[in-house]
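# Structural overview for review
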Amino acid sequence: MKNLKKMTRKDLGMINGAAANCKSCPRGGFGPGGSAAGYTYSCEDYYELVTASCSTCVLVSSACFQ
């Protein structure tokens, strides 16, 4: 197996397809039931982000995809 050079975070951020700007994205997790179930936002809130650039910047429960 070929030895690969470790990349810095700066270099990783420059790779095409990397999340460009997550500063304006919501913080917290998305999951079924929202705040009643211990998540900051509900799955429905995540579905609204899918078309936005923030969909790659947030944490989402796998239960939202079932």
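Bear in mind the structure is a predicted one, so any value in this text is a computation, not a measurement.

## Overview of the confidence of the model for the protein chain
Of all residues in the protein chain, 76% have pLDDT values of 70 or greater, and the mean over the chain is 79. Per-element averaging of pLDDT across the protein chain places helix α1 (residues 9-13) at the bottom with 71 and strand β2 (residues 41-42) at the top with 92.

## A short note on the packing of aromatic side chains
Centre-to-centre distance and the angle between the planes together describe a pair of aromatic rings. Within the structure shown, the criterion is met by 4 aromatic pairs. The interplanar angle of 65 degrees and the centroid separation of 5.9 Å between the aromatic rings of Phe30 and Tyr46 together place this pair among those described as edge-to-face. With a gap of 16 residues between them, Phe30 in strand β1 (residues 29-31) and Tyr46 in helix α2 (residues 43-49) connect regions that are remote in the sequence. Here Tyr46 and Phe65 contribute two aromatic rings whose centre-to-centre distance is 5.8 Å and whose plane-to-plane angle is 85 degrees, an arrangement assigned as edge-to-face. Note that Tyr46 is positioned in helix α2 and Phe65 in the segment after β3 (59-60), a separation of 19 residues in sequence.

Conventions and cut-offs
Residues numbered from 1 in each chain as written. Predicted model: local features only at pLDDT ≥ 70, side-chain atom pairs only at ≥ 80, totals over all residues. Heavy atoms only, no water. pLDDT = per-residue confidence, 0-100. Helix = DSSP H or I, 4+ residues; strand = E, 2+ residues; numbered from the N terminus. Phe/Tyr/Trp six-rings, centres within 6.5 Å; stacked < 30°, edge-to-face > 60°.

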